[in-house]
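The residues making up each chain are set out below.
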Amino acid sequence: MIVVMRSNCSDENIEHVLTFLKNQGLTGHPSVGAERTIIGVLGSVGPSGAPGGLGGINPTLGENLESLPGVESVLRVSKPYKLASREFHPEDTIVDVPTACVSEGVVHIGGNAVIMMAGPCTVETEKQLMTTAEAVRKEGAVILRGGAFKPSTSPYGFRGLGEDGLKLLAKARATFGMAVITEVMTPTDVPLVCEYADILQIGTRNMQNYMLLDAVGRTQKPVVLKRGMSATFEEWLLAAEYVLSQGNPNVILCERGIRTFEKATRNTMDISAFPLIERLSHLPIISDPSQGTGRRDLVGPMSLASIAAGTDALLIEVHPNPDEALKDGAQSLTLDQFQSLMPEAQAVARAVGRTFI
Ligand code: E4P
Ligand code: PEP
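Residues numbered from 1 in each chain as written. Chains lettered and ligands numbered in written order. Predicted model: local features only at pLDDT ≥ 70, side-chain atom pairs only at ≥ 80, totals over all residues. Heavy atoms only, no water.

Enquirer: Can you break down the overall build of the protein chain residue by residue, with the values?
Expert: A tally of regular secondary structure across the protein chain gives eleven helices and 15 strands. Computed over the C-alpha atoms, the radius of gyration of the protein chain is 21 Å, within 12% of the 21 Å expected from 2.2 N^0.38 for a compact globule of 357 residues. Per-residue burial over the protein chain gives 55% buried out of 357 residues. A fraction of 67% describes how many contacts in the protein chain between residues 6 or more apart in sequence connect residues 24 or more apart. (Helix = DSSP H or I, 4+ residues; strand = E, 2+ residues; numbered from the N terminus. Rg over C-alpha atoms; globule rule 2.2 N^0.38 Å. Buried < 20%, exposed > 50% of the residue type's maximum accessible area, 1.4 Å probe, protein only. Contact = heavy atoms within 4.5 Å.)

Okay, here's the thing in structure tokens:
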């Protein structure tokens, strides 16, 4: 349910609605837009009061709310996800990430500019990370990726340097001014990863790890939420809803390919995600063509296709010597390949009316 406030309503009117909702055992999430404030209502509001009756509206509750000062109307949200839905928040959400290497000191994910996030799949050594960070920064990347806590299908695979990897990422940030994105895999690691990261990454394998979603939702850090490898859009947006409903509005979705019967690629990049998510949700969406294809020869074409389809950023794996990478070498671009991709990406962004940083 959504309470739409009048454009000229006062702060007291909004407070009054929030208090009214609280007294009914409900929670109001205000969203302040350029035109007006709308308040998403979470809790049981169905006619029978049955749990989960979030879409239907108890007629008395609806009428009482509509009679409060400053309220214009009360609407039903048709989707099972509420705070993530475009209905709740008609304007695009822009997530700000502090980034020292840009003159403004912050990059806006979800605005007109397409953002480049790049770096190694996994932090391996100081030399490997610094060489990659320097090279991608030189070409214009503003956010450095690198895994310190790595998911691994095999228990014998490399699982990352842990906190030592986070420290190396912090060193690269201090040297090159780039913001850092890195994966967090357990709720207990959230405080530690928050000390080092500017963006928390939730990997595909953890998209439905609800305790982890709750834990990152209790921070205010930007969260990149990767699509589960067989998740529908609805499941993905409900996962985002977990983070939002804990009070963290800074959610960024990431299309990283889904599992299909096709064996020529590691995953199948779902390019329809960009325009479709834009219709369903106000949240920014970014593209990971490295995981999405598993093949470095396809990373460039899928990057360009993602920009044309509306991605807000690219997340790309780059390695100084991919053949020796401890993880995901086959899908990591060489430094030269990354250098060639940048002007192409900028040209496509310009062609679809976007800028590129
Ligand atoms: C991401 O970088 C993951 O750690 C990696 O893709 C996992 O690969 P695996 O499933 O082969 O272990
Ligand atoms: C990654 O980007 O490091 C990663 C593990 O990706 P995904 O969760 O999409 O497999």
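Enquirer: Go over unusual backbone geometry with me, naming the residues and quoting the values.
Expert: Positive phi is not limited to glycine here, since D328 has a value of about 55°. Topologically, D328 is positioned in the loop between β14 (313–317) and α11 (335–351).

Enquirer: Kindly report on the nonpolar core, identifying the contributing residues and their values.
Expert: One finds M116, V216, L225, W236, L253, I316 and F338 to be the most contacted residues of the largest nonpolar core, which totals 71 residues. It is helix α7 (residues 233–245) that contributes the most residues to this core, seven residues altogether. The residues touching V216, leaving out its near neighbours within four places in the chain, are V184, V190, L200, I202, V223, V243 and N248. Grouped together as the second largest cluster of nonpolar side chains are 19 residues, V107, A179, I286 and A313 included. (Core = buried A, V, L, I, M, F, W, Y, C linked by side-chain atoms within 4.5 Å.)

Enquirer: Could you give an account of the confidence of the model for the protein chain, naming the residues involved and the relevant values?
Expert: Overall, the prediction assigns the protein chain a mean pLDDT of 94, with 96% of residues at 70 or greater. Note that residues 48–54 has pLDDT below 50 and, in this model, ten contacts with residues that lie over four places away or in other chains. Our summary of model confidence lists the complex with pTM equal to 0.91 and ipTM equal to 0.97. (pLDDT = per-residue confidence, 0-100.)

Enquirer: Please set out the site of ligand 2 residue by residue, giving values where relevant.
Expert: As a structural note, the neighbourhood of ligand 2 is formed by R145, K150, P151, E183, Q201, G203, T204, R205, K226, R256, D288 and Q291. The side chain of R205 places a nitrogen or oxygen atom 3.2 Å from an oxygen atom of ligand 2. In this structure, an oxygen atom belonging to ligand 2 sits 3.4 Å away from a side-chain N or O atom of Q291. When isolated, ligand 2 has an accessible area of 290 Å², and the protein chains bury 97% of it. (Near = heavy atom within 4 Å. Polar contact = N/O pair within 3.5 Å; in protein donor to acceptor, adjacent residues only side chain to side chain. Areas by Shrake-Rupley, 256 points an atom, 1.4 Å probe, with all protein chains shown as cover.)

Enquirer: So what's going on with the side chain of R86? Residues and values would help.
Expert: Relative to the assigned elements, R86 resides in the loop between β4 (71–75) and β5 (95–98). Here R86 falls in the buried class, since its relative accessible area comes to 17%. From its side chain, R86 meets the backbone oxygen of P90 in a polar contact 2.9 Å long. Engagement of the side chain of R86 in a polar contact is seen with the side chain of D92, the distance being 2.8 Å. Ignoring any residue separated from it by four or fewer positions in sequence, one finds R86 in contact with E91, D92, E278, R279, L280, S281 and H282.

Enquirer: Which residues make up the sheet that holds β4, and what are the values?
Expert: Read across the open sheet, the four strands follow the order β2-β3-β1-β4; overall the sheet is antiparallel. Since the sheet does not close on itself, it has two edges, and those belong to β2 (27–32) and β4, each with one partner. Each strand of the sheet is rotated relative to its neighbour by a mean of 20°, with strand direction disregarded. Across six bridges, the pairing between β2 and strand β3 (residues 37–42) is antiparallel. Bridge assignment links H29 to a residue of β3, and that residue is G40. (Pairing = 2+ DSSP bridges. Axes fitted to C-alpha atoms, helices over the stretch in contact; angles between N-to-C directions.)

Enquirer: Could you give an account of the packing of aromatic side chains, naming the residues involved and the relevant values?
Expert: Per the counting criterion, the structure on display carries two aromatic pairs. Judged by centre distance (4.4 Å) and plane angle (20°), the rings of Y210 and Y242 are stacked. Taken as a pair, Y210 in helix α6 (residues 210–217) and Y242 in helix α7 lie far apart in primary sequence, 32 residues in all. Judged by its relative accessible area of 34%, Y210 falls in the partly exposed class. On the accessibility criterion, Y242 (31% relative accessible area) is partly exposed. With a centroid separation of 6.3 Å and 25° between ring planes, the pair formed by F233 and W236 is classed as stacked. Of this pair, F233 and W236 both sit in helix α7, three residues apart, which is roughly one turn of that helix. You can call F233 buried: its relative accessible area is 15%. By relative accessible area, W236 is classed as buried at 0%. (Phe/Tyr/Trp six-rings, centres within 6.5 Å; stacked < 30°, edge-to-face > 60°.)

Enquirer: If you had to explain the packing of α7 against helix α8 (residues 273–280) to someone new, which residues and values would you point to?
Expert: One way to put it is that α7 packs onto α8 with a least axis distance of 12 Å and a crossing angle of 55°. Considered as vectors, α7 and α8 are oriented oblique to each other. Note on packing geometry: the crossing formed by α7 with α8 is right-handed. When α7 is examined against α8, the residues F233, W236 and L237 are found in contact with a partner set consisting of A273, L276, I277 and L280. The residue inventory of the contact of α7 with α8, partitioned by class, reads seven nonpolar, no polar and no charged. (Parallel < 35°, antiparallel > 145°, perpendicular 65-115°, else oblique. Left-handed = near helix turned anticlockwise from the far one by under 90°. Nonpolar A, V, L, I, M, F, W, Y, C, P; charged D, E, K, R; others polar.)

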